[in-house]
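Okay, here's what each chain looks like letter by letter:
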Amino acid sequence: MNVLVFNVGSTTLKYALIDTRSGDKLTQGLVDRIGQVGGDAVDHLVAANLALAIHGALTFDAIGHRVVQGGTRFTSPTLVTDQSRRELAALDDLAPLHNPPARAVIDRISEQAVRVPQVMVFDTAYFSSLPPKSYRYAVPESIHIDHGVRRYGAHGTSHRFVTDEALHHLAGDRSSRRLISLHLGGGASITASIGGIALETSMGMTPLEGLVMATRCGDIDASVPLHLIRNVGMSAADVDRLLNKQSGLLGMCGEPDMRRVLERRRCGDPSATLAIDVYVHRILKYIGGYMAILGGLDAIVFTAGVGEHSAEIRELVTTPLAHLGIRIDAELNHSADRATVRELSAPGATVRTLVVATNEELAIANQVARLISNHQH
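Computed from a predicted structure; not experimentally measured. (Residues numbered from 1 in each chain as written. Predicted model: local features only at pLDDT ≥ 70, side-chain atom pairs only at ≥ 80, totals over all residues. Heavy atoms only, no water.)

**Looking at the overall build of the protein**
Short version of the rule: Segments assigned H or I by DSSP are reported as helices when at least four residues long, segments assigned E as strands when at least two residues long, and all are numbered from the N terminus. As defined in this context, the radius of gyration uses C-alpha atoms, and a globule is described by 2.2 Å times the residue total to the power 0.38. In these tables, accessible area is a Shrake-Rupley quantity obtained with a 1.4 Å probe, and a residue counts as shielded only by the protein chains included in the view. When charges are counted, Lys and Arg are positive and Asp and Glu negative, with His and the chain ends excluded. Charge positions come from single atoms, namely NZ of Lys, CZ of Arg, CG of Asp or CD of Glu.
The helix and strand tally for the protein stands at 15 helices and 12 strands. The C-alpha radius of gyration computed for the protein amounts to 21 Å, which stays within 12% of the reference 21 Å derived for 377 residues, consistent with globular compactness. Here the protein has roughly 16,900 Å² of accessible surface; of this, 53% comes from carbon and sulfur atoms. Between the centroid of the 36 positive side chains of the protein and the centroid of its 39 negative side chains there is a distance of 1 Å.

Right under this line is the structure:
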């Protein structure tokens, strides 16, 4: 089955045509800086039309849409219908930067009566298995029920894909395998799972909670926004922008790109050194906590831009964990090998360390193909 995948961001639209039989990308592209001066499209509707026009002469059997937030309503891939579109609209407030543009693209294609089924695949779906003790915040029941205040997680499509790849690589009885997956990119999150079932994850009601990221602060005292509003005179919009777009690595050393931060650290830059120290320390706190929850660990998995390509970050994260059985081989860690799954474990390590190349487009296409196949049979 050929599946055209749309991955809509707040100012971007990535697309890829995937052959799910071979896993090959037949086409791929990006409509960038949507709605910005000099951008590729004035809005996401124009961007969707551009992508469809490119594929007008190509055959595809279905369209898969990545949607960030599915709430508690959408916990598995879902066919696009009038009903599901109405229910999706109710979730805009939970992901105001990402869900509305994704929904606009879905609506536009639906209105054009494209003759293939459309399927929504949700970033939050992998975390529908979280137990209440993981997803509940200690707030009144009415706040949780009436306003949806709970942990939803994010990056679920990536975590599901790399966890499945890791379990296949590890072989044996997968049902009891305890894994910690680290999705380290511009956004960053960590997930604990047993047998491919997620038990804990670091991102919360929104993708702001958890690890230090390129421009997001991650975990912070909930009173900090109140302090900034009451005593500094910032508005809610100011605080939102500060914590999501002006913090993290950018806020600490003026640079969001991990490669540049590491270069400056190697040159002795104190602000870059501190930024990396805080970044790694936060990861270590989560790994330790998740090992306690899992009752041990079989493998740790690095993925996404930083996780896949930064040997330095992998070394900084794993070196302090030697007492927990996590040890990597320096030569393997610095290898130029770009296999989908790479093993970095040193001899004698009791916890295996893997690098798994994430492929969200393929993961979405495969979920779309399975859903449509099940409907047809």
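**Considerations on the packing of aromatic side chains**
We count it as follows: Side-chain rings of Phe, Tyr and Trp, where Trp is taken by its six-membered ring, are said to pair if the distance between their centres is within 6.5 Å; with planes under 30 degrees apart they count as stacked, over 60 as edge-to-face, and otherwise as tilted. For every residue, the accessible area obtained with a 1.4 Å probe (protein chains only) is divided by the maximum for its type, and the residue is called buried under 20%, exposed over 50%, and partly exposed between those limits. In this scheme, Lys NZ or Arg CZ marks a charge over a ring once it lies within 6 Å of the ring centre and within 35 degrees of the ring normal.
This model, assessed by the stated rule, comprises 3 aromatic pairs. Plain terms: the ring middles of Phe74 and Phe122 are 4.7 Å apart, the flat faces sit at 10 degrees to each other, and that makes the pair stacked. Taken together, the residues span a long stretch of sequence, with Phe74 in the loop between strand E4 (62-67) and strand E5 (78-79) and Phe122 in strand E6 (residues 118-122) at a distance of 48 residues. With respect to burial, Phe74 and Phe122 carry one shared label: buried. Seen from the ring of Tyr135, Arg150 lies directly overhead, with NZ or CZ sitting 3.8 Å from the centre.

**A closer look at the packing of helix H1 (residues 44-54) against helix H3 (residues 99-111)**
Defined as follows: Structural elements are reduced to axes, namely lines fitted to C-alpha atoms, with helices fitted over the stretch in contact, and the angle between N-to-C directions of any two is expressed from 0 to 180 degrees. Here roughly perpendicular refers to angles of 65 to 115 degrees, roughly parallel to angles under 35, roughly antiparallel to angles over 145, and oblique to all remaining angles. Two helices cross in a left-handed way if the nearer one is turned anticlockwise from the farther one by less than a right angle. They cross in a right-handed way if the turn is clockwise. The contact criterion used throughout is that any non-hydrogen atoms of two residues lie within 4.5 Å. Three classes are used, and their members are as follows: Ala, Val, Leu, Ile, Met, Phe, Trp, Tyr, Cys and Pro are nonpolar, Asp, Glu, Lys and Arg are charged, and the others, Gly among them, are polar.
Relative to each other, H1 and H3 sit at 55 degrees, their axes nearing to 9 Å. The pairing of H1 with H3 is recorded here as oblique in orientation. As H1 packs across H3, the resulting crossing turns out to be right-handed. Judged by residue contacts, His44, Leu45, Ala48, Asn49 and Leu52 of H1 engage Pro101, Ala104, Val105, Arg108 and Ile109 from H3. Considering only residue class, the contact of H1 with H3 consists of 7 nonpolar, 2 polar and 1 charged.

**Structural notes on helix H15 (residues 360-376)**
Defined as follows: Helix span, expected: 1.5 Å multiplied by one less than the number of residues in the helix.
For H15, which comprises 17 residues, the first-to-last C-alpha distance of 24 Å matches the rise-based estimate of 24 Å (1.5 Å per residue) to within 8%. Residues of H15 that are buried include every one of Glu360, Glu361, Leu362, Ala363, Ile364, Ala365, Gln367, Val368, Ala369, Leu371 and Ile372, and no others.

**So, the environment of Val317**
With respect to the helices and strands, the residue Val317 is situated in helix H13 (residues 311-318). Distance from Val317 to Val67, taken between C-alpha atoms, is 31 Å for residues 250 residues apart in sequence. Setting aside residues no more than four positions away along its own chain, Val317 makes contact with Val280, Ile283, Leu284, Ile287 and Phe302.

**Thoughts on the nonpolar core**
What counts, and what does not: The term nonpolar core refers to a set of buried residues drawn from Ala, Val, Leu, Ile, Met, Phe, Trp, Tyr and Cys, joined through side-chain atoms within 4.5 Å.
Of all hydrophobic cores here, the largest spans 39 residues; its most connected members are Leu182, Leu184, Tyr279, Ile287 and Ile313. Counting residues per element, this core draws most heavily on helix H11 (residues 270-294), which supplies 11 residues. Every residue in contact with Ile313, bar those within four places of it in the chain, is listed here: Leu184, Met258, Leu262, Ile276, Tyr279 and Val306.

**So, the sheet that holds E4**
Under the convention used in this document: In this analysis, strands are considered paired if DSSP registers two or more bridges between them.
Taken together, the 6 strands give an open sheet; going across it, the order is E3-E2-E1-E4-E6-E5, and neighbouring strands pair in mixed fashion. The open sheet terminates on both sides in strands that have one partner only, identified here as strand E3 (24-31) and E5. Bridge count between E5 and E6: 2 bridges; the pairing is antiparallel. Of the residues in E6, the one forming a bridge with Leu79 is Val119. The strands touched by H1 within the sheet are strand E1 (2-8), strand E2 (13-19), E3 and E4, with E2 carrying the most contacts at an inclination of about 30 degrees.

**Comments concerning the pairing of strand E10 (residues 299-303)**
Within E10, 5 of the 5 residues are buried, leaving the element largely enclosed by the surrounding structure. Judged by which residues are buried, E10 turns out to be covered on both faces: Ala299, Val301 and Thr303 on one side and Ile300 and Phe302 on the other are all buried. Note: strand E7 (residues 178-184) against E10, 5 bridges, orientation parallel. What sits directly across from Ser181, in E10, is Val301. Where E10 lies against strand E12 (residues 352-356), 4 bridges are found, and the strand directions are parallel. Along E12, the bridge assignment pairs Val301 with Leu354.

**A closer look at a nonpolar patch on the surface**
This is how it is decided: Patch construction takes residues with relative accessible area above 30% that form no salt bridge. Like charges are linked within 9 Å, and nonpolar side chains (Val, Leu, Ile, Met, Phe, Trp, Tyr) are linked within 5 Å. We define a salt bridge as a contact between a side-chain nitrogen of Lys or Arg and a carboxyl oxygen of Asp or Glu at a distance within 4 Å.
A contiguous nonpolar patch, built from Val42, Val46 and Leu50 and spanning about 250 Å² of accessible area, is present on the exposed surface. By the element assignment, Val42 lies in the loop between E3 and H1. Under the relative-accessibility criterion, Val42 is labelled exposed at 67%.

**Some details on the layout of surface pockets**
To keep it simple, the criterion reads: Using only the protein atoms, space was sampled on a 1 Å grid; points where a 1.4 Å probe fits but cannot get out form cavities, open sets with protein on both sides within 12 Å along at least five of seven lines form pockets, and lining residues are those with an atom within 4 Å of a point. Grid points are joined across faces, edges and corners, and a volume is the space filled by probe spheres set on the points.
As a volume, the second largest pocket reaches approximately 350 Å³. Looking at the second largest pocket, it is lined by 18 residues, and the ones nearest its centre are Asp257, Met258, Arg259, Gly305 and Val306. Every element with two or more residues in the lining of the second largest pocket is listed here: helix H10 (258-266) and helix H12 (304-309). For the lining of the second largest pocket, the element with the highest residue contribution is H10, accounting for 5 residues. A per-class count over the lining of the second largest pocket returns 8 nonpolar, 5 polar and 5 charged.

**Here we look at the environment of Met252**
Note that Met252 resides in helix H9 (residues 248-253). Once the C-alpha coordinates of Met252 and Thr215 are considered, the two residues, 37 residues apart in sequence, prove to be 9.4 Å apart. Excluding its chain neighbours within four sequence positions, the residues that come into contact with Met252 are Ser271, Leu274, Ala275 and Val278.

**So, the packing of helix H7 (residues 223-231) against helix H8 (residues 236-245)**
Relative orientation of the contacting elements H7 and H8 amounts to 135 degrees, with a least axis distance of 10 Å. Here H7 is positioned oblique relative to H8, judged by the angle of their axes. Crossing of H7 against H8: the hand is right-handed. Contact residues: Pro225, Leu228 and Ile229 in H7; Ala236, Val239, Leu242 and Leu243 in H8. Broken down by class, the residue content of the contact of H7 with H8 amounts to 7 nonpolar, no polar and no charged.

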